[in-house]
Amino acid sequence: MSTAVETSQAHAAGEAEIATFYVGNQLMGVNIQQVQEINRHVKVTAVPHALDCVRGVINLRGEVVTVVDLRTILGLEQTEISDQSRNVIVKSRDEKIGLLVDRIADVESIRTEETEPPPANVSGVDGRFFKGIHKLESELLVILDVEEVLSTEGNEP
Amino acid sequence: MLQTEQLDEMLVVKPDGDIVASALESFRKELQGLIEQGHVNLAIDLDGVGIIDSKGLAIFMLCHKSLTAKGGRLVVLTGNEDFKQLFHVMRMDEHFTVAGAL
Amino acid sequence: MSLDNEKIIEEFTVESQEHLADVENDLLAIEAAGADIDLDLVNKVFRAVHSIKGASGFLGFTTIGELSHSLENILNLIRNKELVPTSAIVDALLRAADALRGLINDIHHSNEADVSEHVDALKKVIAGETSQSVRDSLEQMVRIGEPGRPAFEVSKHTLETQKRFGNHLYTLEFDLIADVEDKGKTPLNLVKELMALGEMVEARLDLANCEAGLDGEIPDTISFVVLFGTVVDVEMLADAFELTPERVHSIDIEDALPVPAEAESHRREETEKAVDTPVPPDVPAAEPKKEVSATAAGASPKPAETNIRVSVGLLDHLMNLAGELVLSRNQLIQYVSSGRLDGLESIASQLDQITSELQESIMQTRMQAIGTVFTKFPRVVRDLSGKLGKQCELTLTGKEVELDKSIIEAIGDPLTHLVRNSIDHGIERPDQRTAKGKNATGTISLKAFHQAGKVNIAIQDDGAGINGDKLKEKAVAKGLITSDQAHEMSERDAVRLIFHPGFSMAEVVSDVSGRGVGMDVVKTNIEKLGGTVDIDTEVGVGTTVQIKLPLTLAIIPSLVVRGGEDRFAIPQVNISELVRIRPNEVARKIERVKDAEVLRLRGNLLPLLRLSTAMGMQSKYLDPQPAELKDSHRERIVDRREPDDAAVVEHEKSRSGTPRRQNTAAGALNIIVVEAGHLRYGLIVDALHDSEEIVVKPLGRHMKDSPCLAGATILGNGNVALILDVAGIASKSQLSAPEEDTARGEKVSGESVSDESQSVLLFTNDPSEQFGAPMGLITRIERIRSEQIDSVGGQEVLQYRGSTLPLLTLESQIKAKPRPEQPKLYVVVFSISGREVGLIAPQLVDIREIPAEMDAVTFSEPGVLGSVIADGKTTRLIDLFALAEKAHPEWFADRQSVETTQGETPTLLLVEDSGFFRSQLTSFMESEGYQVVACEDGLVAWGTLQDPEQCFDLVVTDIEMPNMNGLGLARKIKGDPLFAHLPIVAVTSLASEEDIQRGFEAGIDDYQIKLDREKLVASVARHLKAAKLKAGVTAEQPATGIRS
């Protein structure tokens, strides 16, 4: 069932809306401008001989959309799919790709000047996948660099 | 008044309006007049004519009859394709000549 | 009465265009048939023109009416077999048809056009070609009319013509005063109206009341009777002219009475008129008008094409979807208004699916067959060939291939240019061709086909080909490239120069294909569509231009199959046939060649691949009861278990109580014979589903380079199915084209007699575990009673023929279940280091040829070489040597150390193409203390030898290898002074006396069995030693040549 994520109006420059989700225990997020929608992780059709991170493809209203496992890309341990798992469908270079995440969290409004550059390593994940780090009240929010995450360079199937 | 012009044995008659019911009487009278004057070979030039209505059409037949009765003939002169077609369809060109020029 | 309705005009235009679309090709076909007139075809064209004429009348398009009328006349004569369609006549018809098309394309100006040229030409045709019978019927007069009513006399021919035109005949009685004048109309209006609806075959103005002439009264009724031919029915007619029914009479043409021969002059008049009639006397006005030039057949003078044809089936489907959408929406509204949330999910998913399908179907409405583009080419070829004095024959293939409308529209011009090029520059003149020994008529073929998600269009001609050198010269002359660049350029690139902007082959830009529209524009336009163009040419032979359009909107027919749990689509174009093999035939029909399974199909061997394996998935079969997918344990196709498969047998039992052997669906094999280029193989799938037309969708960037997949599609049930790339699967599975195999000269037969298999003794320890031991190492097999086994100092031995045979028990050396207690056992005796050892093998199974390739990973442990599947059972191959070594390390303590002349570790060059043997031999030799460099082939080995960094002491080589076999290598080695000193030991599976003799002649020093480790090692050691001695001798040789 799809919950269309509504893009709220652009605030004054300096603010951004981040759609956040959990991958493992780490809260991560993507700028809402890049998020097409968020779906439940329903049946995926496996693609033989694809890159490791590819879980498969789904039918998104007539389009064949790739779903990749964020955990695999980020180098984290695999885990079971639960019914909390979600596909975050993002737009990248004219293609829609789904990011499989463990649990959806809230949309956070953040001020861009409060975002710090990411360290070289966050919870065991290479910092290159992140655009920045943001301190929320209770935890740390890591903002993903979607292009880097979805990059296929240097990957062997 | 009808404009007329003698061309060999034909008298060319040029009506300058529509040959329609309203103008018919005067047209008829003038034609009659010409015939009485002895002009039995008439060429009616339709150059200045816009519309010919049904009764107007009849005039041509009447005229033709009158002329042939007196041993003459009627010629209708027109460059207008529509008129040519009209006379042809009506098979009137089987009775008198319809031509572009004399 | 004129229907000046824009919409109706538009419909007329579209319809007429459709009629005319086929007319051209039909006329060409009629021409081709010549005297053998195809009546159906002529009638078809006739009807097309007739409808255009009829409708044009309604709408007041008089010029169109006139022209179609003229066309009609001729077609009528042809269909009455009164006229043979010669080329001259068809030419006139074609030109007239072109003009007609031009008129329709510019319909609002059509009345101003001048078609007299065509009308005259057509008239001439009739006049020149009318046959006598026609003249006769023109002479014969018949009377039309009801008794008491005014009658007409017309020629028989006229009547017959009316009949053939499909017109009804009526007499219409008008009173020019009452029906015209009093209605505010003029007679001219009436005439025009009449002409619009049909033909005035005859007319009569009753001038009875004009007798008095001008002196009489102007009549108040003027009777005008028309013999009218029209397709309009009587009611409409009466209505149109506001005539009361009694003044409209239907005339039955059969009732027309012949008129006795009289009125000669009248007859003659009729004859003359008939030649002209029934052309309506609509002579174009004298004012200057637009010349309607025949639109050059090649140009695409399409007016804004805003219409499309859609199959009724598709529309019905769309209607159904709309209906379903409405239902779902209603449901949703209901739920929402009643505040229900529980069923929302299912409604949402329903809506999701319906919307997807709707979207899909709407996209499909845009699909058109490429035939619509192809259809104009016969004409293009005909006209251009004629113009240039060439003879060309055109074949069209793949007219049904569908493309998106926008692509269809865009591809026409580039294709036209290419075809014209072929005729202009490609095909030579007939005399030139015959001089070259070619057929005087050149062939041009236009082919459209699908290949892995792309639409290919190939334009091929058997003309002069493109001369790369000439192109280079030209390019240099034009300053497009430097002469150095030209020099460096490959032939292929030279030919591609043709795509360079500013390049034209003809010295004078021919007005046919030149005019600045060059190949570069073609290339640009195709690239704009996302496609590619390439040229293949051979001077004197011909040229092929290949266009590939990566149309993700391509719809292709495909077969949906199941592999594992998922469905896959195989493009129909790749499918040659479907083969189904019953379970009881599987063993017989499936053969083995080398290590591949093949199907013998009509005498040829077809390599087989299992889809699920190729996709790296577990094969599944559908157990009918309960219906679920179960893993198939058929590892090998020829699996003795089927149809004894447990689940199947149980199923049978439960139904009937007694086990029955039956050909269940689960046991049969579904093989799809697929083709891609020269490759042909059989794909074994788990199940067949339907044939479906699928829309090809691209795979995302993460899977773009996947060789096995050509794209994806969404099936009717909303699931994604991957589209297979048949060629890619083959290459990934390393299936080679049959030619390659035969080139290798392999013996292809049912038995596998090759290096890559070995004879293995299969036996079990615990009955559930199967093992194998290489026969080559086994000396003999003994059958003993278990009491004969003694235990001496913890060791099991056999008192046997006066000596003690040490025994090995599997379970004490490797991970194996213990052997059962049984009275009789077998002992497998082999020889190690001069000693005999026996391996206890409780139960012998068989001796088999087993392929050498084995799984050396799963069961890897010392003593186990690896595992294979034999008889459907996992079988571990025992390393007898290692087993013995493990059990009695003391036996091997005094192994001779190996040394080279320099006291270093000797390096062996191992040449062996089988991966398995290569690793086995390497490990043998390395454990002996040698250094081993392994190569997979003679050629590679030769190259390695040359490497100055490497220094070898001995060569161990296989005989049968692909690029250079062992004998070839030996000859090379011995023939080269640098390497002639190297000892060469050949390892082989079997060798006859002749083979061995040949080997020695080639330079082989010794032959050994591959897996006879002992003997091999001994041989290597022996030869190394000999070489050492020899080297020592020569090293000591003083420069003066005195031998010591």
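Anything mentioned here points back to the structure above.
Thresholds applied
Residues numbered from 1 in each chain as written. Chains lettered and ligands numbered in written order. Predicted model: local features only at pLDDT ≥ 70, side-chain atom pairs only at ≥ 80, totals over all residues. Helix = DSSP H or I, 4+ residues; strand = E, 2+ residues; numbered from the N terminus. Buried ≥ 20, exposed ≤ 12 C-beta atoms within 10 Å, placed from the backbone. Contact = placed C-beta atoms within 7 Å. Nonpolar A, V, L, I, M, F, W, Y, C, P; charged D, E, K, R; others polar. Pairing = 2+ DSSP bridges. Axes fitted to C-alpha atoms, helices over the stretch in contact; angles between N-to-C directions. Parallel < 35°, antiparallel > 145°, perpendicular 65-115°, else oblique. Left-handed = near helix turned anticlockwise from the far one by under 90°. Core = buried A, V, L, I, M, F, W, Y, C linked by C-beta atoms within 7 Å.

### Let's talk about the environment of Phe859 of chain C
All names here are of chain C.
- By secondary structure assignment, the location of Phe859 is in the loop between strand 38 (843-851) and strand 39 (864-870).
- A count of 17 C-beta atoms within 10 Å places Phe859 in the partly exposed class.
- C-alpha of Phe859 to C-alpha of Leu877: the two residues are 18 residues apart in sequence and 9.5 Å apart in space.
- Apart from residues lying up to four places away in sequence, Phe859 is in contact with Val864, Gly866, Ser867 and Arg876.

### Examining the interface of chain C and chain B
- With 26 residues of chain C at the interface, the matching set in chain B holds 29 residues.
- For the side of chain C that touches chain B, the secondary structure elements donating two or more residues are helix 8 (176-180), helix 9 (187-197) and strand 5 (198-206) of chain C.
- Of all the elements, strand 5 of chain C adds the most residues to the side of chain C that touches chain B, at four residues.
- Across the side of chain C that touches chain B, the residue classes break down as 19 nonpolar, three polar and four charged.

### As for the sheet that holds strand 36 (residues 824-832) of chain C
Residues and elements named next belong to chain C.
- Ordered by their spatial adjacency, six strands build an open sheet running 32-36-37-35-34-33, and the pairing between neighbours is mixed. At either end of the open sheet lies a strand with only one pairing partner, and these are strand 32 (778-785) and strand 33 (789-792). On average, each strand axis in the sheet is tilted by 40° relative to the strand beside it, whichever way the strands run.

### Remarks on the packing of helix 1 (residues 6-33) of chain C against helix 15 (residues 377-388) of chain C
Residues and elements named next belong to chain C.
- Two elements in contact, helix 1 and helix 15, have axes separated by 9 Å at closest approach and are oriented at 55°. Judged by the inter-axis angle, helix 1 sits oblique to helix 15. Between helix 1 and helix 15 the crossing geometry is left-handed. Residues Glu24, Asn25 and Leu28 of helix 1 touch helix 15, and the partners they reach there are Pro378, Arg379 and Arg382.
- Taken together, the residues of the contact of helix 1 with helix 15 break down into two nonpolar, one polar and three charged.

### Description of the nonpolar core
- Ranked by size, the top nonpolar core spans 83 residues in total, and within it Val57, Val68, Val88 and Leu144 of chain A together with Ile570, Leu683 and Leu724 of chain C carry the most contacts.
- Sort the elements by how many residues they give to this core and strand 29 (residues 720-724) of chain C lands first, with five residues.
- Sequence-distant contacts of Val68 of chain A, that is, excluding residues within four places in its chain, are made with Cys53, Val54, Arg55, Ile73, Ile97, Leu99 and Leu100 of chain A together with His702 of chain C.
- One finds Val13 of chain B together with Val191, Val225 and Val226 of chain C within the second-largest nonpolar core, a separate group that totals 61 residues.

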